[in-house]
Amino acid sequence: MPSDPLILGFDTSAAHCAAVLLCGDTVLADAHEEMTKGQAERLIPMLEQVLTQAGAGWGDLAALGVGIGPGNFTGVRISVSAARGLALGLGIPAVGVSALEAQVFGLPGVTVSSLDARRDALYVQVFEMGAPHFPVLCDMASLPPIPARAAPSCIGHMNQEIAARCAGHAKAAALPMAEAIARIAGQRMHNDTLKRPAPLYLRGADAAPPRAAPPVILS
Amino acid sequence: MTTALTILGLESSCDDTAAAVVRQTGASAGDILSSVVFGQVELHAAFGGVVPELAARAHTEKLDHAVEAALDKAGVSLAEIDAIAVTAGPGLIGGVLSGVMCAKGLAAATGKPLIGVNHLAGHALTPRLTERLEFPYLMLLVSGGHCQFLIAHGPDDFIRLGGTIDDAPGEAFDKTAKLLGLPQPGGPSVEMAALRGDATAFSFPRPLLDRAGCDMSFSGLKTALLRARDAVVAENGGLGEQARADLCASFQAAVADVLAEKSRRALTEYLAGNPTRAAFAVAGGVAANQTIRAALQAVATEAGAEFSAPPLALCTDNAAMIAWAGIELFRLGHRSDMTLSARPRWPLDRSSPAMLGSGKRGAKA
């Protein structure tokens, strides 16, 4: 009997570096380190460490799952760039998975996922079977509409405050981030419409057009 | 030194996403099997300069495509590559980081060696890629972000004679274009406008010519240009085409004069070391400017040194130069491991005192 495909999931979208090697639903090896910087130096050695722990090599992998944020722009790019290089080098799919989605993976019913977006803002997405909702950048005064009488599970940053506003329940994520990412990747790795992983920023780049207008050109 | 080496190079330190495959057979010059550059001019056009965050976002989603295109054009598979070279600095950190991570992913996946390359070494070694110039040669690196004189003694051995103490000339060209309502990038548009202008119409300063040595300054020139423009606008209620052309020509002449005179001094210093085959090479985007190039060539000829300027596509940022620098460093035994860092600052000459950004984060270049 062929064994389940090996999937390597990893994430550096917040102040951590995390990886998990999954075979079907079984975690073969994992690692999680809190860090505010140094993910670029740590990520690949950590992935190699996780593979070695499970007695596996790069060539054994069937797919990659990578966290695409929203979160720290640089952190997200570290993982997404590495995933794209690895996917090209290994000839296997890399599945980009949103942190908002990974956070509520495995929880039943309607869920509200939130992450700290700094500057008193949040990244929020409502998940409801059969009804797509987009992720948004908002604050507590501009939360997206939450389906009435859904009694949603609220997970993540400010979840108690959010639950209080929508008659929901504050809960914790069912799985560690990297594991949820790997599981979702396992479900999507064969999708025909799978695109290369791309960061989910939700917030624009701080860029302003030049203040000084060019001179009037006389013709 | 007789084996063929084929190296994949990645470059993403500013606003060009590039990948290339270069092969060296024996001790010959390099053979560029492919060199792919995806520019970002339109992305930054509205902002009057490169926006680092926008550049980083674009690099992240373009690098792997650039690598695929370069391998495809070269007709080479990843398995046939001997090593992967990547710009690891100096430059805009977000872009450099994307390149370094993509290269690490490729190297880990294929088991090929990884080589972190200094972007400036890429420019400085280009004359060896194209003409197999012999060490030691004098190098003027002049671009949008850099301006320095270096004596190249080896692929990893550079002595800096001097450089700009503030802006780089390419930056000054961009700012000039912005002040005069010309499109970005400023280099080509100012050069084009200058063709119809009188280079003696405005008298701009030639900063630091009165001082010994090879150091340069270009920020005052930009201020002088702004004042001259404002005077013209105040007098005529706007800027006429002819006045704009004259401003461009006068500005360009000032930059050319400063670079030529400082090159003369750098050549004197370099020739004092009695190089076997005296050569003066230029690289960087500003070396594409015909007026500047001609002025530098004249200085080289007058000093009896061979003049080398790479073709335009190898003057501006590209990955062929990174792949080539990778070949030279690989032959010296250089290898990077998976903890390779992206460095916003990384001076080529590690012994001379820092010129720019000598604060706690260290020298920029």
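Keep in mind it's a predicted model, so treat the numbers as computed, not measured.

**Student:** Got a minute to help me understand the overall build of chain A in this structure?
**Tutor:** The number of helices and strands found in chain A is 5 helices and 11 strands. Structurally, chain A occupies a C-alpha span of about 70 × 60 × 35 Å along its principal axes. Looking at chain A as a whole, 49% of its 219 residues qualify as buried. Excluding contacts between residues fewer than 6 apart, the proportion of contacts in chain A whose partners are at least 24 apart in sequence is 57%. When the accessible area of chain A is evaluated, it comes to approximately 10,400 Å², of which 54% is carbon and sulfur surface. The distance from the centre of the 15 positive side-chain charges to the centre of the 18 negative ones in chain A is 8 Å.

**Student:** Before we go on, may I ask you to explain the pairing of strand 3 (residues 31–39) of chain B in this structure?
**Tutor:** On any regular strand, side chains alternate: one points to one face of the sheet, the next to the other face. All names here are of chain B. As defined by bridge partners, strand 2 (residues 16–24) adjoins strand 3 across 8 bridges and the pair is classed as antiparallel. Note on strand 3: the bridge partner recorded for Asp 16 is Gly 39. A loop of 6 residues connects strand 2 with strand 3, the two strands running antiparallel in sequence, and Gly 26 in this loop sits at a positive phi of about 65°.

**Student:** How should the environment of Ala283(B) be read in this particular structure?
**Tutor:** All names here are of chain B. Take Ala 283: it is sitting in strand 10 (residues 279–283). The spatial distance from the C-alpha of Ala 283 to the C-alpha of Leu 120 is 9.6 Å, given a sequence separation of 163 residues. If we skip the residues at most four places from it in the chain, Ala 283 touches His 123, Met 139, Leu 140, Leu 141, Val 142 and Pro 310.

**Student:** Help me understand the layout of surface pockets, please; the structure alone is not making it clear to me.
**Tutor:** To find leftover empty space, one rolls a probe the size of a water molecule over the atoms. Computed from the structure, the largest pocket encloses a volume of approximately 1,500 Å³. Looking at the lining of the largest pocket, the elements with two or more residues in it are helix 1 (41–44), helix 4 (119–131), helix 5 (169–179), helix 6 (186–194) and helix 10 (312–315) of chain B. Take the lining of the largest pocket: its biggest share by element is 6 residues, from helix 5 of chain B. Of the residues in the lining of the largest pocket, the class split is 15 nonpolar, 20 polar and 9 charged. In terms of lining residues, the second largest pocket is bounded by 36 residues, among which Ser13(A), Ala14(A), Asn72(A), Phe73(A) and Gly75(A) are the most central. Elements represented by at least two residues in the lining of the second largest pocket include exactly helix 1 (39–53), helix 2 (73–90) and strand 6 (111–116) of chain A together with helix 3 (93–110) of chain B. The leading source of residues in the lining of the second largest pocket is helix 2 of chain A, at 5 residues. Residues that form the lining of the second largest pocket fall into these classes: 16 nonpolar, 12 polar and 8 charged.

**Student:** What am I meant to see in the domain arrangement of chain A here?
**Tutor:** It is common to report an interface's size as the accessible area lost on association of the parts. Residues and elements named next belong to chain A. Domain boundaries assigned for chain A yield domain 1 (6–99 + 174–188) and domain 2 (107–171). Here the C-alpha centroids of domain 1 and domain 2 sit 25 Å apart. At the junction of the two partners, domain 1 supplies 6 residues and domain 2 supplies 4 residues. Summed over both sides, the interface between domain 1 and domain 2 buries roughly 380 Å², with carbon and sulfur atoms accounting for 68% of that surface. Where domain 1 meets domain 2, there are 0 salt bridges. Our enumeration of links across domain 1 and domain 2 arrives at 0 residue pairs in polar contact (both at pLDDT 80 or more).

**Student:** Would you mind going over the interface of chain A and chain B with me for this structure?
**Tutor:** Each side of the interface is counted separately: chain A has 37 residues, and chain B has 42 residues. For the pair chain A and chain B, the summed buried area comes to about 3,200 Å², and 66% of that belongs to carbon and sulfur atoms. Of all residues in chain A, Arg77(A), Leu88(A) and Leu218(A) bury the most surface against chain B, accounting for 18% of the area lost on that side. On the surface where chain A and chain B come into contact, there are 4 salt bridges. Here Glu53(B) ties to Arg77(A) by a salt bridge, and the two come within 2.9 Å at their closest N and O atoms. Counting across the interface, chain A meets chain B through 11 residue pairs in polar contact (both at pLDDT 80 or more). Only helix 1, helix 2 and strand 11 (217–218) of chain A provide two or more residues apiece to the side of chain A that touches chain B.

**Student:** Just checking my understanding: could you explain the sheet that holds strand 2 (residues 16–23) of chain A for this structure?
**Tutor:** Adjacent strands of a sheet form backbone hydrogen bonds with each other and so pair up, either parallel or antiparallel. Residue and element names in this part refer to chain A. If you walk across this open sheet you meet the 5 strands as 3-2-1-4-5, and the pairing is mixed. The outermost strands of the open sheet, each flanked by one partner alone, are strand 3 (26–34) and strand 5 (94–97). Here the strands of the sheet are splayed against their neighbours by 15° on average, with no regard to which way each runs. Both strand 1 (residues 6–11) and strand 2 contribute to a ladder of 6 bridges, which runs antiparallel. Bridging from a neighbouring strand, Asp 11 pairs with Ala 18 of strand 2. With respect to the sheet, helix 1 is in contact with strand 1, strand 2, strand 3 and strand 4 (61–67), its orientation differing from that of strand 2 by roughly 25°. Helix 2 contacts strand 1, strand 4 and strand 5 of the sheet and is inclined by roughly 165° relative to strand 4.

**Student:** Which parts of the structure should I look at to understand the domain arrangement of chain B?
**Tutor:** Residue and element names in this part refer to chain B. According to the domain assignment, chain B contains domain 1 (5–131 + 314–363) and domain 2 (137–313). For domain 1 and domain 2, the distance between their C-alpha centroids amounts to 25 Å. Taken together, the 30 residues of domain 1 in the interface contact 33 residues of domain 2. For the pair domain 1 and domain 2, the summed buried surface comes to about 2,700 Å²; carbon and sulfur atoms form 63% of the total. Our enumeration of links across domain 1 and domain 2 arrives at 0 salt bridges.

**Student:** What is the right way to read the environment of Gly122(B) from this model?
**Tutor:** All names here are of chain B. Looking at the element boundaries, Gly 122 is found in helix 4. Given a relative accessible area of 0%, Gly 122 falls into the buried group. With 66 residues separating them along the chain, Gly 122 and Ala 56 place their C-alpha atoms 20 Å apart. Leave out the neighbours within four places in its chain, and Gly 122 touches Met 321, Ile 322 and Ala 325.

**Student:** Sorry, what's going on with the nonpolar core here?
**Tutor:** Considering soluble globular proteins, one finds that nonpolar side chains tend to be buried as a cluster. If you look at the biggest cluster of nonpolar residues, it comprises 90 residues, and the most contacted ones within it are Tyr137(B), Leu140(B), Phe204(B), Phe218(B), Phe251(B), Leu259(B) and Phe280(B). With 14 residues, the top contributor of residues to this core is helix 8 (residues 241–271) of chain B. If you look at the next biggest cluster of nonpolar residues, it comprises 65 residues, including Leu6(A), Ile92(A), Val36(B) and Leu114(B).

**Student:** Honestly, the confidence of the model for chain B in this entry has me stumped. Any pointers?
**Tutor:** Regions with low pLDDT should not have their predicted coordinates read in detail. Averaged over all residues, the pLDDT of chain B is 93; the fraction at 70 or higher stands at 96%. For this predicted complex, the interface score ipTM comes out at 0.96, while the overall pTM is 0.94.

**Student:** Explanation requested: the state of the cysteines in the structure shown.
**Tutor:** Note: disulfide means a covalent bond formed between the sulfur atoms of two cysteine side chains. Applying the stated rule across the entire model yields 0 disulfides over all chains. Cys17(A) forms no disulfide, and the closest cysteine sulfur to it belongs to Cys102(B), at a distance of 17 Å. Cys214(B) provides the cysteine sulfur closest to Cys147(B), a residue in no disulfide bond, and the two sulfurs are 11 Å apart. Judged by relative accessible area, which is 5%, Cys147(B) ranks as buried.

Conventions and cut-offs
Residues numbered from 1 in each chain as written. Chains lettered and ligands numbered in written order. Predicted model: local features only at pLDDT ≥ 70, side-chain atom pairs only at ≥ 80, totals over all residues. Heavy atoms only, no water. Helix = DSSP H or I, 4+ residues; strand = E, 2+ residues; numbered from the N terminus. Buried < 20%, exposed > 50% of the residue type's maximum accessible area, 1.4 Å probe, protein only. Contact = heavy atoms within 4.5 Å. Areas by Shrake-Rupley, 256 points an atom, 1.4 Å probe, with all protein chains shown as cover. Lys, Arg positive; Asp, Glu negative; His and termini not counted. Charge placed at Lys NZ, Arg CZ, Asp CG, Glu CD. Pairing = 2+ DSSP bridges. 1 Å grid on protein atoms, 1.4 Å probe; cavity = no way out; pocket = protein on both sides within 12 Å on 5 of 7 lines; lining within 4 Å. Points joined across faces, edges and corners; volume = space filled by probe spheres on them. Nonpolar A, V, L, I, M, F, W, Y, C, P; charged D, E, K, R; others polar. Domains from an automatic or database assignment. Buried area = accessible area lost by both parts, 1.4 Å probe. Salt bridge = Lys/Arg side-chain N within 4 Å of Asp/Glu carboxyl O. Polar contact = N/O pair within 3.5 Å; in protein donor to acceptor, adjacent residues only side chain to side chain. Axes fitted to C-alpha atoms, helices over the stretch in contact; angles between N-to-C directions. Core = buried A, V, L, I, M, F, W, Y, C linked by side-chain atoms within 4.5 Å. pLDDT = per-residue confidence, 0-100. Disulfide = S-S within 2.5 Å.

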